[in-house]
Amino acid sequence: MVVPSKPENNNAPNPVARRSTGPGVLSILYSVTKKVGTVAIVYLLGYYNISVAWLIGPVILSVVREEWKRSSDARRALAKAAAMSNEKEVIMARIDELPAWVYFPDVERAEWLNRVVRQLWPNANHYARDLLRSVIEPNIRNALAAFKLPGFKFDKMILGTIPFRVGGVKVYDHNVSRNEIIMDIDFFYAGDCDISFTLSGIPGGIKDFQLHGMLRVVMKPLIQTIPLVGGLQLFFLNNPTIDFNLVGAADVLDVPGVSDILRRIIVEQVAALMVLPNKLPITLSDVVPAQILKTPEPEGVLRVHVVEAKELMKMDIGMLGKGKSDPYALVTVGAQQFRTQIINNTVSPKWDYWCEYMMFDNTRRTVLVRLFDHDKGSDDDFMGRASVEVSTVVKKGELDIWLTLEEAKHGMVHLRLSWHTLTEDRHALSLALAETQQLRVTSMSTAVLLVYIDSAKNLPDARPGRRPDPFATVGVGKDTQTTQIIYRTDSPVWEKGFTCLVKNPETDTFILKVTDQKTNHDIGRLEYHLAKLLTNENMELSDQPLLLQASGPISRVRLSLRLRILKRYDPEVDAPLPEVDDDVTDEASTSTSSKRGSTNALNKQFSRGDSVRSVGGQSVGGQSIGSANISIHPSKEMISTQTSVQEESVFSEQSSAPVESSANNTLLHRTPSATSSAGEAGLGRIQMTLRYSVPRQRLVVVIHKVANLPSKDPHNIPDPYVKLYLLPERSKESKRKTEVMKDNCNPVFDENFEYVISLGDINSRQLEVTVVTKKTWFSSQSPVMGQVILSLGDQDLVKGFTAWYDLLPEIERDS
């Protein structure tokens, strides 16, 4: 029986030929030269009696570099292996790490989309090369020139055969305009790209380039002709994770610290291109004007007040050990970042720093605050981070909150945030100006200017006989932005939109300058007083050719301007009031504004679950008071009162004594007050809010207050605080605790705590909440006053809830 032979594969490597060929001549010479050079260096060090320190230093640096490079290569190889394997297997293997919206139907959708991407990838290669050449290369060249590294240029750009991967897909069907489709994609690229460049005449290359982030695709406007979608807007919600490997002569730069410069520049350029507020617009139909896709349209302005911090870690080393710190804060939303001033020699800095962010999409966005200790001549030390979801601020209008720092042993930061919408009502300007004057902060804005620069015409030559390379710079005050450079033309078409914050439109001026890139000389200028827009219909100037100053006699620029006034968002007025359950305390009680004076104390003492009595000789929460006008709003739980100072002092001390019914005292709730009982075990009760943030993969725990702690000795009132552990391990990493309240049986904490944990892992965990007193130093009594253990898998954490829990005796555990 003859067995048919397999067809020959001419492309397959021949193992026999490989063995017979052996190493090449060049590799042998390189190996010999390397070994001879090593021996020669050691010989010369001994011959000239040079200190061994000159040898140890380079050796240590070389070992550190090799270890760092080995770990980076292993990480990149793992990512590339995942990129080449089956889509469904990889996604299902990462299902615990993925957001909660990635269910099996979305996995099937992502697998289908990956197949489409593979088909389109060769054509996408051409588009990506043009984008790198026309946009990324000039920006990287200018950024590297600031570090005295001129002459950056791409030589070869091949993205390879491995396309990017879609890890999960979510299509929004709620709160979306009928004229658009919004889709979030878990974007991951770990391909076999081959990119070469020259930097200051030194050849180099980039391989194993990797990029991972949450990409949003907005399809708008929807039209009635093919292709049914007028255009696309692509952008990352936050800065993506970027990693790559330098090869060639540039490999000498691939060491920790030095390579960070190049990596940071690349991240900045990606952010400037397509991280909010920047979007990459793609026009799909000529029917749609470019202005619709390329003009950013903010939903509002987020105002952030970094007030102070306390109990920060001591990072500086003094004569007697750890000293203090020189802290500052970086506040980041998407690609927008601000930095506070440095406060020297303190662990409780007071910055009183204000900043503003234009928000183009408030879903799945976070305000990230990172604290650092400033060190002259070395890298700044990281002191912790905290974050707030923008959607929470948008829902409430304003937020005043203390946040516990993550990735730090201890420390808290105090933030105040407010949300401002945009309005066409010019009468709102007076209120906006009055608010900034009341804050006494001159850097705050009162309006937003939307600018669309279409084109310019008949620009003069910057050099005799040479057409200019023009770009435009626009701005109001010190805030300036630039278009791309259009080479060798006197009639450039930019089609670029901008958004500028305006402090006072009655006095501010919009300035546009057209500059030649080769000579850096201005070849045109325009000044437009924004007070004119206040008198225009809808405060707009639509598609107008305006004469350029200091230019040719017929030089013009075509642009559009729109002015919108900032208006503080009030959920009571600007949105319909939701139905309120009187038995559940809204999460708004976690952040009370310090500007509300005595009302703030009332907010902390009462919630919607409290027993409230009213009208004439009334009593609130079991306390009899005099004549007072009290109104409780169902959405914010704001208690407004007009009482004397004596009456306010009565509010500050709650009593758990029962109230006798009479004609003058009417009980509004049939159920007893949540704070009128000491609980089932007589140890008191604790009020908490539990919520799981799907976008940030965090468990949020808010400790509101504790009621009716037992105190047998009136001369020895406890000093309580609350301690939390995420079971089962009870490790230091999961330990959280509140501040200590001195001499208080009804302490109000209102403190936030967060745990970074996946939604898949949270079902097997428990939360241990313990109330402890510090007044047991000279007593045999246990410091634990009561305890609650919650099985997190039994709770509806994604929806979130607020509830009271009875404190129970401590559970004995094996040591």
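Refer to the structure printed above.
Summary of the structure given here.

Rules of the game
Residues numbered from 1 in each chain as written. Predicted model: local features only at pLDDT ≥ 70, side-chain atom pairs only at ≥ 80, totals over all residues. Heavy atoms only, no water. Helix = DSSP H or I, 4+ residues; strand = E, 2+ residues; numbered from the N terminus. Buried < 20%, exposed > 50% of the residue type's maximum accessible area, 1.4 Å probe, protein only. Contact = heavy atoms within 4.5 Å. Salt bridge = Lys/Arg side-chain N within 4 Å of Asp/Glu carboxyl O. Pairing = 2+ DSSP bridges. Axes fitted to C-alpha atoms, helices over the stretch in contact; angles between N-to-C directions. Polar contact = N/O pair within 3.5 Å; in protein donor to acceptor, adjacent residues only side chain to side chain. Patch = residues over 30% accessible without salt bridge, like charges linked within 9 Å, V, L, I, M, F, W, Y side chains within 5 Å. Areas by Shrake-Rupley, 256 points an atom, 1.4 Å probe, with all protein chains shown as cover. Lys, Arg positive; Asp, Glu negative; His and termini not counted. Charge placed at Lys NZ, Arg CZ, Asp CG, Glu CD. Core = buried A, V, L, I, M, F, W, Y, C linked by side-chain atoms within 4.5 Å. Expected span 1.5 Å × (residues − 1). Arc of directions from axis to C-beta.

1. Some thoughts on the overall build of the protein chain
- Helix and strand counts for the protein chain stand at 14 helices and 40 strands.
- Taken across its 815 residues, the protein chain has 47% of its residues classed as buried.

2. Re the environment of Trp419
- As for its placement among the helices and strands, Trp419 is situated in strand S18 (residues 412-423).
- Of the residues examined, Trp419 reaches a relative accessible area of 3% and is grouped as buried.
- When residues no more than four places from it in sequence are discounted, the contact partners of Trp419 are Glu299, Gly300, Val301, Leu302, Met359, Asn362, Val393, Val394, Gly397, Lys567, Arg568 and Tyr569.

3. Points about the pattern of salt bridges
- What the rule picks out here adds up to 23 salt bridges.
- Put simply, Arg698 and Glu406 hold a salt bridge, and the shortest N to O gap is 3.2 Å. Taken together, the residues Arg698 in strand S34 (residues 698-707) and Glu406 in the loop between strand S17 (398-404) and S18 connect sequence positions 292 residues apart. The exposure classification of Arg698 matches that of Glu406, with both residues buried.
- Across the pair Arg698 and Glu754 runs a salt bridge, and its minimum N-O distance is 3.6 Å. Placement of Arg698 in strand S34 and of Glu754 in strand S37 (residues 748-756) is noted, with a sequence separation of 56 residues between them. Neither residue differs from the other here; Arg698 and Glu754 are each classed as buried.
- In the salt-bridge network here, residues are joined through shared partners; they are Arg303, Glu356, Glu398, Glu435 and Arg568.

4. As for the sheet that holds strand S13 (residues 336-339)
- Spatially, the 4 strands line up as an open sheet ordered S13-S12-S15-S16, and their pairing is antiparallel. Of all the strands in the sheet, just S13 and strand S16 (381-389) have a single pairing partner and so form its edges. Within this sheet the neighbouring strands show an average axis-to-axis angle of 20 degrees, counted without direction.
- Strand direction decides the pairing type here: strand S12 (residues 327-333) and S13, joined by 4 bridges, are antiparallel. Each bridged residue has a counterpart across the sheet, and for Val331 the counterpart in S13 is Phe338.

5. Quick notes on the environment of Arg133
- Along the chain, Arg133 turns up in helix H5 (residues 104-145).
- A sequence separation of 24 residues divides Arg133 from Met157, and the C-alpha atoms of the two residues are 8.9 Å apart.
- Within the structure, Arg133 has its side chain in polar contact with the side chain of Glu137 (distance 3.4 Å).

6. Here's the deal with the sheet that holds strand S21 (residues 479-482)
- Strand order across the open sheet formed by 4 strands is S21-S20-S23-S24, with antiparallel pairing between neighbours. Edge positions in the sheet fall to S21 and strand S24 (522-529), since each has one partner strand and no second. On average, each strand axis in the sheet is inclined to that of its neighbour by 15 degrees, with strand direction left out of account.
- As paired strands, strand S23 (residues 509-516) and S24 are joined by 7 bridges and run antiparallel to one another.

7. Some remarks on a positive patch on the surface
- On the surface, Lys409, Lys732, Lys735, Lys737 and Lys774 cluster together into a positively charged patch.
- By secondary structure assignment, the location of Lys737 is in strand S36 (residues 736-737).
- The class for Lys737 is partly exposed, based on a relative accessible area of 46%.

8. Comments concerning the environment of Phe244
- When you line up the elements, Phe244 lands in strand S7 (residues 241-248).
- Sequence separation between Phe244 and Arg263 is 19 residues; the distance between their C-alpha atoms is 8.3 Å.

9. Description of the nonpolar core
- Formed by 44 residues in total, the largest nonpolar core has its most connected members in Ile206, Phe209, Phe244 and Ile266.
- Take this core: its biggest share by element is 9 residues, from H5.
- Ile266 has contacts with Ile140, Ile206, Ile242 and Phe244, leaving out every residue within four places of it along the chain.

10. Digging into the pairing of strand S33 (residues 685-693)
- In terms of residue burial, S33 counts as a mostly covered element, since 9 of its 9 residues are buried.
- What you see with S33 is no split at all: Arg685, Gln687, Thr689, Arg691 and Ser693 on one side and Ile686, Met688, Leu690 and Tyr692 on the other are buried throughout.
- Taken together, the 9 bridges between S33 and S34 define a ladder with antiparallel strand orientation. Bridge pairing in S34 places Met688 opposite Ile703.
- In sequence, S33 turns back onto S34 through a hairpin of 4 residues, with Gln697 there showing a positive phi of about 55 degrees.
- Where S33 meets strand S40 (residues 801-806), 6 bridges bridge the pair, whose relative direction is antiparallel. If you follow Ile686 over to S40, its bridge partner there is Tyr805.

11. Focus: helix H9 (residues 428-439)
- When the terminal C-alpha atoms of H9 are compared, their 17 Å separation across 12 residues agrees well with the 16 Å that a helix rising 1.5 Å per residue should span.
- Looking only at H9, the buried set comprises Ala428, Leu429, Ala432, Leu433, Glu435, Thr436 and Leu439. The buried residues of H9 occupy one face: seen down the axis, they fall within an arc of 160 degrees. Exposed side chains of H9 directed beyond 90 degrees from the buried face belong to Leu431, Gln437 and Gln438.
- In this structure, the buried residues of H9 make contact with strand S9 (300-310), strand S14 (350-359), S18, helix H10 (531-535) and strand S26 (556-568).
- Positive phi appears at Arg440, one or two residues downstream of H9, with a value of about 60 degrees.

Nothing here speaks to function; it is all geometry.
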